[in-house]
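The chain contents come next:
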Amino acid sequence: MHILLGLLIAFVIVVIMTRSRRATRACRWREERSGNRGSLRKHQCMACGAEVYRAAKGDPDMCRDPNKRG
Ligand SMILES: [Zn+2]
């Protein structure tokens, strides 16, 4: 029974990890140079349509979809 319980716990952990990864992977950021404001680079999420302005290089690390709040 102990082995079965261990497998069950491991399975639950895997499910939680994959779900949290999906939440961040769902967003596909694309840099839109036409929407840049000075030094701010415009990034738009292809998945949810969220728009983020960043001064630093690289894509936003998280989704900022206003529809997902609340
Ligand atoms: Zn998104």
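Model, not experiment: these values are computed from the prediction.

Thresholds, definitions, all that
- Residues numbered from 1 in each chain as written.
- Predicted model: local features only at pLDDT ≥ 70, side-chain atom pairs only at ≥ 80, totals over all residues.
- Pairing = 2+ DSSP bridges.
- Helix = DSSP H or I, 4+ residues; strand = E, 2+ residues; numbered from the N terminus.
- Axes fitted to C-alpha atoms, helices over the stretch in contact; angles between N-to-C directions.

Caption draft 1: A look at the sheet that holds strand β1 (residues 29-37). The three strands are arranged β1-β2-β3 in an open sheet whose pairing can be described as antiparallel. Of all strands in the sheet, those with a lone pairing partner are β1 and β3 (51-54), marking the two edges. Sheet twist, expressed as the average angle between the axes of neighbouring strands with direction ignored, equals 35°.

Caption draft 2: Structural context of the pairing of strand β2 (residues 40-45). In terms of strand pairing, β1 meets β2 through five bridges, oriented antiparallel. Bridged to E32 within β2 is K42. Bridge analysis of β2 against β3 gives four bridges, and the strand direction is antiparallel. Directly across from H43, in β3, lies its bridge partner V52. What sits between β2 and β3 in their antiparallel hairpin is a turn of five residues, with G49 showing a positive phi close to 85°.

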